[in-house]
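Survey of secondary and tertiary structure
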Amino acid sequence: MGRGARSLESAATEESWWRSATFYQVYVPSFADSDGDGVGDLEGVRSRLGYLELLGVDALWLTPFYPSPMVDNGYDVANPRGVDPRFGDLDAFDALVTEAHAHGIKITIDLVPNHVSYRHPWFTEALGAAAGSQERDRFLFRDGKGEHGEEPPNNWVSAFGGQAWTQVDEPDGQWYLHLFAPEQPDLNWENTDVRQDFERTMRFWLDRGVDGFRIDVAHGMAKPAELPDMDLRAATSIGGDEYFDPRFNNDGVHRIHEFFRSVLDAYPGTMATGELWTFDDERFGRYLGPDQLHLGFNFRLVLTHFDADALHTAIDQSLAAPLRAGVPATWALGNHDIWRQVSRYGDGEVGVRRARSMALVELALPGVAYLYNGEELGLPNVDLPPEAVTDPSMPDSRGQSRDAARVPIPWQDNTPPFGFSTTADTWLPMPAEWAALTVESQLEDPSSTLSLYRAALELRREHSAFSGSEIDWYGSPAGCFAFRRAPSEDDEGAGGLVCVLNTSASPVDLPPGELLLSSADLVDGQLPPDAAAWLA
Ligand code: NOJ
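Residues numbered from 1 in each chain as written. Predicted model: local features only at pLDDT ≥ 70, side-chain atom pairs only at ≥ 80, totals over all residues. Heavy atoms only, no water.

**As for the overall build of the chain**
The condition is simple: Helix numbers and strand numbers start at the N terminus; a helix is a DSSP run of H or I with at least 4 residues, a strand a run of E with at least 2. Only C-alpha atoms enter the radius of gyration, while the globule expectation follows 2.2 Å times N to the 0.38, with N the number of residues. Throughout, exposure labels follow a simple rule: accessible area from a 1.4 Å probe, protein chains only, divided by the maximum for the residue type, with under 20% read as buried, over 50% as exposed, and the rest as partly exposed. Contact definition: two residues touch when any of their heavy atoms are within 4.5 Å. Computed with a 1.4 Å probe, the accessible areas rest on the Shrake-Rupley method; for each residue, only the protein chains presented here act as cover.
Looking only at helices and strands, one finds 14 helices and 16 strands in the chain. For 536 residues, the compact-globule formula gives about 24 Å, and the C-alpha radius of gyration of the chain, at 23 Å, lands near that figure. A principal-axis box enclosing the C-alpha atoms of the chain has dimensions of 80 × 55 × 45 Å. Put simply, the chain has 536 residues, and 61% of those count as buried. For the chain, contacts bridging at least 24 residues in sequence account for 67% of all contacts bridging at least 6. A total of about 20,100 Å² of accessible surface is found on the chain, and carbon and sulfur atoms cover 49% of it.

**Digging into the site of the ligand**
Going by this rule: Only heavy atoms are used to decide nearness, and a residue is near a molecule or strand if one of them lies within 4 Å of it. In the analysis that follows, any N or O atom pair within 3.5 Å is treated as a polar contact, provided that within protein one partner can donate a hydrogen and the other can accept it, and provided that, for residues neighboring in sequence, both atoms belong to side chains. Note on residue classes: Ala, Val, Leu, Ile, Met, Phe, Trp, Tyr, Cys and Pro are nonpolar, Asp, Glu, Lys and Arg are charged, and everything else, Gly too, is polar.
Close to the ligand lie 13 residues; D72, D216, H336, D337 and R402 are nearest. For the ligand, an oxygen atom lies 2.5 Å from a polar atom in the side chain of D72. Here an oxygen atom of the ligand and a side-chain polar atom of R214 are 3.1 Å apart. When isolated, the ligand has an accessible area of 300 Å², and the protein chains bury 98% of it. Looking at side-chain class alone, the shell around the ligand contains 4 nonpolar, 2 polar and 7 charged residues.

**Description of the packing of aromatic side chains**
To describe a pair of aromatic rings, one takes the distance between the centres and the angle between the planes. The line we're drawing: Classification of ring pairs uses Phe, Tyr and Trp, with its six-membered ring standing for Trp, and accepts pairs whose centres are within 6.5 Å; under 30 degrees between planes counts as stacked, over 60 as edge-to-face, and the remaining range as tilted. Any Lys NZ or Arg CZ found within 6 Å of a ring centre and within 35 degrees of that ring's normal is scored as a charge over the ring.
Per the stated rule, a full pass over the model turns up 32 aromatic pairs. Ring centres of F204 and W205 lie 4.9 Å apart, and the angle between their planes is 85 degrees; this geometry places the pair in the edge-to-face category. Since its relative accessible area comes to 1%, W205 is described here as buried. On the numbers, 4.0 Å between centres and 15 degrees between planes, the contact of W277 with F299 is stacked. Highlighted residues: W277 in the loop between β8 (271-274) and α8 (281-285) and F299 in the loop between β9 (295-296) and α9 (300-303), separated in sequence by 22 residues. By the ring-pair criterion, three or more aromatic residues cluster together here, those being W17, F23, W61, W277, F279, F297, F299 and Y370. R195 extends its terminal NZ or CZ atom over the ring of F259, reaching a point 4.8 Å from the ring centre.

**Description of the pattern of salt bridges**
Note the following rule: Salt bridge, as used here, is a side-chain nitrogen of Lys or Arg placed within 4 Å of a carboxyl oxygen of Asp or Glu.
Enumeration according to the criterion identifies 28 salt bridges in this entry. Two residues, R402 and D72, come together in a salt bridge whose shortest N-O distance is 3.0 Å. Of this pair, R402 sits in the loop between β11 (368-372) and α13 (439-443) while D72 sits in the loop between β2 (59-62) and α3 (90-102); the two residues are 330 residues apart in sequence, bridging distant segments of the chain. A single burial state applies to R402 and to D72, both of which are buried. Taking the shortest distance from any N to any O, the salt bridge between R300 and D281 comes out at 3.4 Å. Linking R300 in helix α9 with D281 in helix α8, this pair joins segments that are 19 residues apart in sequence. Residue R300 is classed as buried on the basis of its relative accessible area, which comes to 12%. Salt bridges linked by common partners bring D72, D337, D391, R402, D403 and R406 together as one network.

**Some points on the nonpolar core**
Filter applied, for reference: Buried Ala, Val, Leu, Ile, Met, Phe, Trp, Tyr and Cys residues form a nonpolar core when they are joined through side-chain atoms within 4.5 Å. How far each domain reaches was decided by an automatic or database domain assignment.
Counting residues in hydrophobic clusters, the biggest one holds 141 residues, and the most contacted among them are L60, L62 and W534. The two domains that each donate at least three residues to this core are domain 1 (8-114 + 192-457) and domain 2 (465-535). Every residue in contact with L60, bar those within four places of it in the chain, is listed here: Y24, V26, V45, L49, L52, I105, K106, I107 and T108. W156, V157, F160 and A181 belong to the second-largest nonpolar core, a separate cluster that totals 17 residues.

**Observations regarding the environment of P529**
Following the sequence through the fold, P529 ends up in the loop between β15 (515-518) and β16 (531-535). In this structure, the C-alpha to C-alpha distance between P529 and V350, residues 179 residues apart in sequence, is 9.7 Å. Sequence-distant contacts of P529, defined by excluding residues within four places in its chain, comprise R353, N502, S504, A505, S506 and P507.

**Description of the sheet that holds β15**
To keep it simple, the criterion reads: In this scheme, strands are said to pair when DSSP sees at least two bridges between them. Axis geometry follows a simple rule: fit a line to the C-alpha atoms, using only the stretch in contact for helices, then measure angles between N-to-C directions, giving values from 0 to 180 degrees.
Judged by pairing direction, the sheet is antiparallel, and its 5 strands sit side by side in the order β12-β13-β14-β16-β15 without closing on themselves. Each edge of the sheet is formed by a strand with only one pairing partner; in this case those strands are β12 (470-474) and β15. Strand-to-strand, the axes of this sheet are offset by a mean angle of 20 degrees, without reference to chain direction. Both β12 and strand β13 (residues 480-486) contribute to a ladder of 5 bridges, which runs antiparallel. Within the sheet, the bridge partner assigned to W473 lies in β13 and is F483. In this fold helix α10 (residues 308-325) packs onto β12, β13 and β14 (498-502), with an angle of close to 155 degrees to the strand it touches most, β12.

**As for the sheet that holds strand β5 (residues 165-167)**
The antiparallel open sheet is built from 3 strands, whose spatial order is β4-β6-β5. Two strands bound the open sheet, and with one partner strand each, they are β4 (141-142) and β5. Strand direction decides the pairing type here: β4 and strand β6 (residues 175-177), joined by 2 bridges, are antiparallel. Bridged to F141 within β6 is Y176.

**A word on the domain arrangement of the chain**
Going by this rule: Here's the idea: put two parts together, see how much 1.4 Å probe accessible area each one loses, and the total over both is what we call buried area.
Here the chain is partitioned into domain 1 (8-114 + 192-457) and domain 2 (465-535). In this structure, domain 1 and domain 2 have C-alpha centres spaced 27 Å apart. Across the contact, 27 residues belong to domain 1 and 31 residues belong to domain 2. With both sides pooled, the region where domain 1 packs onto domain 2 buries about 2,300 Å², and carbon together with sulfur makes up 66% of that total. Linking domain 1 to domain 2 there are 1 salt bridge. The interface formed by domain 1 and domain 2 contains 8 residue pairs in polar contact (both at pLDDT 80 or more). Sorting elements by how many residues they give to the side of domain 1 that touches domain 2 places helix α12 (residues 348-364) first, with 10 residues. The class makeup of the residues in the side of domain 1 that touches domain 2 is 18 nonpolar, 3 polar and 6 charged.

**Here's the deal with the packing of α12 against helix α14 (residues 449-462)**
Put simply, the rule reads: Geometric relationships in this document are graded by angle, where less than 35 degrees denotes roughly parallel, more than 145 denotes roughly antiparallel, 65 to 115 denotes roughly perpendicular, and other angles denote oblique.
The geometry of α12 relative to α14 is characterised by a closest axis approach of 10 Å and an angle of 10 degrees between their N-to-C directions. What the angle tells us is that α12 and α14 run roughly parallel. Touching V352, R356, A359, L360, E362 and L363 of α12 are T449, L452, Y453, A456, L457 and R460, all from α14. Here the contact of α12 with α14 is built from residues that sort into 8 nonpolar, 1 polar and 3 charged.

Given below as structure tokens:
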């Protein structure tokens, strides 16, 4: 790695607690249900704070719990300053924040600025108002093309499949833009009401003590005024960087991030992480920095198969842009939109072994790590019966919906709902085989995936070898890599953690050093295939 990048570690203070934090994504509907309706809720999260402290995470990211018709599981927000009754109420939220802070855990929440629900009062007003009205201007309403306006205004497609425009009924038959479901109309960020309302929303939650936001579709929001046609090849290319895609990454988006940042800067110690689907380093870097986002998810590890060379390249590319911008890289192996890593890496025993090894890779890297609830238990995707699926997006090329990675967390007992709820009628069915994966069954088992995560998180927090904002690579046998945490010029501490990954089919020797942790038992002192080890 290039030297001379701004120091990341030495700049970490009470106010920049997030610089090397481990975040834990709580998918609220699936974490813990306190009231027996089969859907997780805020009180459920509060009741499991002891577990999260034991696991050793620094902060939570709570997915949307705002009033919503739940067309997109809460990412269709009808009121951004409230709590949907199925998730609790504002008192439950306040109690969760207070108690999480008492456990030393920060709370971050989702901010969804690209769109609202069609049940948001603004959209109802817009439907009842005339073309060209102030009410319609909060969204992207346009006349259609064709003799009678019967064709959509341009060729944009929705991220969920199908066209990104829906025509409203008479009298005027205008069309409105939705980059996601038709029930998620896009907001017009040129409209000052939109900006003012988001400031109100951010302050509303910051005043209640939240420590930051995860910003949904942070590369969306700004649309070019002329709404030019897109290159339709971008629709099927993740990140879309190689084709013209005016739906995302428009220059105007940086003014919106500047605005979010100015609100956050008035609340010292708060931060934002953007969901950024772009793989162009230059473009990605523009989202980060002192007047932009504090952190930006990079999804390169998620898209890279289990191969040491490919992963080595993905890691180098992921580090480059954040280091240049002087912010830490932000790693994730999964979330509620992506196949669980156990299934991505091949399912079954091999999938679990590889997912465990990749957890050690992720947690060894400099910067911020986001864990997705259930990955610490080694949960796989669940093949759900089609009638159980609620996800509005089109099934992926393998026929699975995102719900496959959203099945509730198994806590205890031998049969569903495994302590997640008191009803077996959970919002997504839980597989009987998960009896072997419950928190209860893994907690005291030193060889469990949960024990591996706990040990890894403890070392990451406490061992001095984890300092150093850069990495140096060692030469390694084919199918393996090894890197060492290295300090940049002005980092404090010497770093020195070595992480070795073996994606080959044969055991390999480890470099000299004290073995801190391995994802699988060594065999005659060697690291077996599909495994990783930490040395100091
Ligand atoms: C990204 C969220 O993670 C996903 O679940 C949602 O469907 C889209 N943004 C739209 O809000």
